[in-house]
Amino acid sequence: MANNPLLQKKPLLEFNKILPKHFKPALVTILKTNRIAIKKLLLQKNFTWDNFVEPLEAINNHLTFIWSAICHLNAVMGNEKNRDSYTKCLPLITKYIADISQNSKIYEAFRSITKNKEYKLLDSVQKRILSNELRDFILAGVALPTREKRQFTKLKQRLAKISNKFSYNVIDSSQNYLIELTKEQTQGLPEYALALGQANARKKNKTGWIFSLDYPSYNALITFADSRSLRKKIYIAYVTRASDFNSFNKKWDNTKIIEEILKIRSKLAKLLSFKNYAEYSLATKMAKTPKQVLDFLHDLTKRALPAGKKDLAELKQFAKKHGIKKIEPWDLVYYEEKLSKEKFKLSQEDLRPYFPEPQVLKGVFNIAKLLYGITFKEKKNIPVWHQDVRFFEVYDQERNLRGQLYLDLYYRENKRGGAWMDECQTRQCLKNGCIQLPIAHLVCNFSPPMGNKPALLTHQEVLTLLHEFGHSLQHVLTKVDYISASGIKGVPWDAIELPSQFMENWGWQKEGIKLLSKHYKTKVPLPKNLLQKLLASHTFHAATSILRQIEFSLIDFELHLKSKALTIEQCKKIVRKTQKQTRVTPVFKHARSLHTFSHIFAGGYAAGYYSYKWAEVLSADAFSKFEECGIFDLCTGRKFLHSILETGGSEDPMVLFKKFRGRMPKTDALLRHYGINKK
């Protein structure tokens, strides 16, 4: 154990030394140590914050540090050995969490603290933490009879296992599908896409162009390939991944997993006397009732539909001029790109040379400095899990070290798709008065540098980086000293997207774009004519985009709103019903979007995908304050820092929002940003 890098007490983990063989022994060791320590804590007769909550947080902190590293390596370096080791750890950690969260002695210890004289002396954050802890114990089944507790634990273990399998199936069905293009099929593909295809071919010891179903490959083909038959082929393969429809994907079919996940969630909710899993999910969110969520989504649908129908009519007319009598799902992105280019004289490929990743990152850091007075300094020779990973320290205006950030931006094999931010370590004031620094992982899947060129990003990828950077800021800039409410901890799920979506706004402002852009050859920022075209395209088919997000949100919520678990056929009916309500674009009847809906079947968004739109109302309204006062107004920036970014889960998000904005949120700004008239 002394040689296990996961257990060595150092400020930073030596990621380059952590091997799959280290996962389970480290976890077994820390779980055993924690159980002994907790048992000792419970021998006390009178419980206080200092003698119980604080040491318990320290115990949990050590486990979180180790388990976060294991989860992270499984996501970013998910080779077969890492997967196998991670999978063996899942039942252990799930059982431990269940044992602790269902321990009535720990629950009673927390309750006793809320009833003793000391409670009045605690600050508001400590009281909020205690309240949340008691709520979470109930939601974890602490009040259940012994038999039901065991059942609850077994269900949780099984859920963790099959959710993990769901995620692996999505990755494998995406990365193992390969299509080799002929010279004719490459027509229309931009330079970066051709380079990506050639790089993929070289990895397979072939010449020519090879693409997979990973997003960088898929997006290049569906957006730019002139061959309609190729677009159809890649589209059908993409939307039927990990399903029963495509014979290639049957090895990774998620059908039965979806049904079992829904069945388990229904049982968990029923065990805790909730009508359905949606109500169980809302117990920890800002929205309090299913009706509140559904009313919110249906209202947005009503507002966006007229504009969405106009978007489609315009696209159909444009495609018709190009000989397409009936527009199909595999035509949408292709002709949207063509229409955008004709309408605004602008293509994403025109923009890409102006957004080299080094300049974009420099611009992102500069935006944060102008808004919040913080500085990012890169530190070399830090042990990382891959050569592309970079490490930064975050300093405030007084030159205090506030946090640290790992940056892993490029796509590679065995890396989970998408983009995300996750905690590596959370801020805490330690017993000796020292501060444990918060550390964040920021992960994306951009196309890597090719040859002598830096990675060139699309404008959408710039927005993605800003989004995940916003999450990172909330984590590393927190000033909350208690780990249970520090950074992203304790923040309701439907408020967690506020800082991330908020940061995206600077990718649509000329002052922000000036900082983010610089041609990788000429070093000049985005020219005025291209800038004006980009800004003019801001609301281009935005209604279609918002309707797509609403569709996912409603499907997710409806799946979890039923009192009985649904079969896959019943799920399909909900999908079709929701698409009729929200979708203006054509639908491929064999699409299996649920089979790759990792947010809800392998992530934390079950009955909570609506959070993106819910929080976007908050973020758009918060940004409107900057529109009123100035995009880089120091006073407004510092107020957002102190009211939102530094406060973590220390207060109710609505209270914090009102502190910043001076009132309740309004939808006006969101609708305006999407170019939708308020009615």
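Below or above, wherever it landed, is the structure these notes cover. (Residues numbered from 1 in each chain as written. Predicted model: local features only at pLDDT ≥ 70, side-chain atom pairs only at ≥ 80, totals over all residues. Heavy atoms only, no water.)

## Quick look at the overall build of the chain
At step 1: Secondary structure assignment for the chain yields 26 helices and nine strands.
At step 2: For 679 residues, the compact-globule estimate of 2.2 N^0.38 gives 26 Å, and the C-alpha radius of gyration of the chain, at 25 Å, lies within 12% of that figure.
At step 3: Expressed as lengths along the three principal axes of its C-alpha atoms, the size of the chain is roughly 80 × 55 × 55 Å.
At step 4: Within the chain, counting contacts between residues at least 6 apart in sequence, those at least 24 apart form 74% of the total.
At step 5: Carbon and sulfur atoms form 52% of the exposed surface of the chain, whose accessible area is close to 29900 Å². (Helix = DSSP H or I, 4+ residues; strand = E, 2+ residues; numbered from the N terminus. Rg over C-alpha atoms; globule rule 2.2 N^0.38 Å. Contact = heavy atoms within 4.5 Å. Areas by Shrake-Rupley, 256 points an atom, 1.4 Å probe, with all protein chains shown as cover.)

## Digging into helix α3 (residues 80-101)
At step 1: Spanning 22 residues, α3 covers 32 Å between terminal C-alpha atoms, matching the ideal 32 Å at 1.5 Å per step.
At step 2: Of all the bends in α3, the largest measures some 30° and sits at Cys89, one to four residues before the proline Pro91.
At step 3: Taken residue by residue, α3 has Asn82, Arg83, Ser85, Tyr86, Cys89, Leu90, Ile93, Thr94, Tyr96, Ala98, Ile100 and Ser101 as its buried positions.
At step 4: On its buried face, α3 is in contact with α1 (20-41), α2 (49-76), α4 (104-115), α5 (124-139) and α6 (146-175). (Expected span 1.5 Å × (residues − 1). Bend = angle between axes of the 7 residues up to and from the residue. Buried < 20%, exposed > 50% of the residue type's maximum accessible area, 1.4 Å probe, protein only.)

## Digging into the packing of aromatic side chains
At step 1: All chains considered together, the criterion is met by 44 aromatic pairs.
At step 2: Taking the centre distance of 5.2 Å and the plane angle of 55° together, the rings of Tyr609 and Tyr612 count as tilted. Residue Tyr609 shares its accessibility class with Tyr612, and that shared class is buried.
At step 3: In this structure an aromatic cluster arises from ring pairing among Trp493, Phe552, Phe597, Tyr605, Tyr609 and Tyr612. (Phe/Tyr/Trp six-rings, centres within 6.5 Å; stacked < 30°, edge-to-face > 60°.)

## Quick notes on unusual backbone geometry
At step 1: Positive phi, close to 60°, is recorded for Asn205, a residue that is not glycine.
At step 2: Structurally, Asn205 is set in the loop between α7 (191-203) and β2 (209-211).
At step 3: Positive phi, close to 65°, is recorded for Arg399, a residue that is not glycine.
At step 4: Along the polypeptide, Arg399 turns up in the loop between β4 (390-395) and β5 (401-410).

## Considerations on the sheet that holds strand β3 (residues 375-378)
At step 1: A sheet is described by the order of its strands in space; here five strands give the open sequence β3-β4-β5-β9-β6, paired in mixed fashion. The sheet terminates laterally at β3 and β6 (420-425), the two strands that pair on one side only. The average undirected angle you get between the axes of adjacent strands in this sheet is 30°.
At step 2: As paired elements, β5 and strand β9 (residues 439-446) share six bridges and run parallel to each other. (Pairing = 2+ DSSP bridges. Axes fitted to C-alpha atoms, helices over the stretch in contact; angles between N-to-C directions.)

## Quick look at the pattern of salt bridges
At step 1: Applying the stated criterion to the full structure yields 42 salt bridges.
At step 2: Close ionic contact of Arg390 with Glu378 constitutes a salt bridge, the shortest N to O distance being 2.7 Å. Here the residue Arg390 occupies a position in strand β4, and Glu378 occupies one in strand β3, the gap between them amounting to twelve residues.
At step 3: The class for Arg390 is partly exposed, based on a relative accessible area of 27%.
At step 4: Residue classification places Glu378 among the partly exposed residues on the basis of a relative accessible area of 30%.
At step 5: With its nearest N and O atoms 2.6 Å apart, the salt bridge here joins Glu651 to Lys659.
At step 6: Assessed through its relative accessible area of 25%, Glu651 is described here as partly exposed.
At step 7: Residue Lys659 is classed as partly exposed on the basis of its relative accessible area of 46%.
At step 8: Connected via shared salt-bridge partners are Glu357, Glu378, Lys380 and Arg390. (Salt bridge = Lys/Arg side-chain N within 4 Å of Asp/Glu carboxyl O.)

## Describing the nonpolar core
Taken as a class, soluble globular proteins show a tendency for nonpolar side chains to be buried jointly.
At step 1: The biggest cluster of nonpolar side chains holds 139 residues, and the ones touching the most others in it are Tyr372, Phe376, Leu559 and Phe601.
At step 2: Discounting chain neighbours no more than four positions away, the residues touching Phe376 are Phe365, Ala368, Phe392, Glu393, Val394, Leu405, Phe469 and Leu473.
At step 3: Counting 60 residues, the second-largest nonpolar core is a separate cluster that includes Ile66, Ala69, Ile70 and Tyr86. (Core = buried A, V, L, I, M, F, W, Y, C linked by side-chain atoms within 4.5 Å.)

## A word on the pairing of β4
At step 1: Within β4, five of the six residues are buried, leaving the element largely enclosed by the surrounding structure.
At step 2: By the bridge criterion, four bridges tie β3 to β4 in an arrangement that is antiparallel. Each residue of the ladder has a partner; that of Phe376, found in β4, is Val394.
At step 3: As paired elements, β4 and β5 share six bridges and run antiparallel to each other. In the strand pairing of β5, Phe392 is matched with Leu405.

## A closer look at the state of the cysteines
At step 1: The tally for this structure, following the rule as stated, stands at zero disulfides.
At step 2: Cys71 provides the cysteine sulfur closest to Cys424, a residue in no disulfide bond, and the two sulfurs are 12 Å apart.
At step 3: Given a relative accessible area of 5%, Cys424 falls into the buried group. (Disulfide = S-S within 2.5 Å.)

## Some remarks on the environment of Phe469
At step 1: Its place among the elements puts Phe469 in helix α16 (residues 459-476).
At step 2: Separated by 45 residues in the primary sequence, Phe469 and Cys424 have C-alpha atoms spaced 15 Å apart.
At step 3: Residues within four places of Phe469 in sequence aside, it is in contact with Val364, Phe365, Ala368, Phe376, Leu442 and Met503.

## Observations concerning the side chain of Ser517
At step 1: Within the secondary structure, Ser517 sits in the loop between α18 (510-516) and α19 (528-536).
At step 2: Within the structure, the side chain of Ser517 is placed 2.8 Å from the backbone oxygen of Ile513, a separation counted as a polar contact.
At step 3: Separated by 3.0 Å, the side chain of Ser517 and the backbone nitrogen of Leu526 make a polar contact.
At step 4: Residue contacts for Ser517: discarding those within four places in its chain leaves Tyr354, Phe355, Gln359, Pro525 and Leu526. (Polar contact = N/O pair within 3.5 Å; in protein donor to acceptor, adjacent residues only side chain to side chain.)

## Here we look at the pairing of β9
Every other side chain in a regular strand lies on the same face of the sheet, so the side chains alternate between the two faces.
At step 1: Counting buried residues in β9 gives eight out of eight residues, a clear majority hidden from the surface.
At step 2: Covered by surrounding structure in β9 are Ile439, His441, Val443 and Asn445 together with Ala440, Leu442, Cys444 and Phe446, the residues of both alternating faces.
At step 3: Strand direction decides the pairing type here: β6 and β9, joined by five bridges, are antiparallel. In the sheet register, Gln425 faces β9, and the bridge partner there is Ile439.

## Remarks on the side chain of Lys149
At step 1: Inspection of the secondary structure puts Lys149 in helix α6.
At step 2: An unpaired buried charge is present at Lys149: no salt bridge exists, and Asp99, the closest side chain of opposite charge, is 9.2 Å distant.
At step 3: A polar contact is formed between the side chain of Lys149 and the backbone oxygen of Val142, at a distance of 3.3 Å.
At step 4: Apart from the residues lying within four places of it in its own chain, the contact partners of Lys149 are Gln102, Ser104, Gly141, Val142 and Leu144. (Lys, Arg positive; Asp, Glu negative; His and termini not counted.)

## Re the packing of helix α23 (residues 611-629) against helix α25 (residues 653-661)
At step 1: Running from N to C, α23 and α25 cross one another at 15°; their axes reach a closest spacing of 10 Å. Our classification of the angle between α23 and α25 gives roughly parallel. Relative to α25, the crossing made by α23 is left-handed. Residues Leu618, Asp621, Ala622, Ser624, Lys625, Phe626 and Glu628 of α23 touch α25, and the partners they reach there are Phe657, Phe660 and Arg661. (Parallel < 35°, antiparallel > 145°, perpendicular 65-115°, else oblique. Left-handed = near helix turned anticlockwise from the far one by under 90°.)

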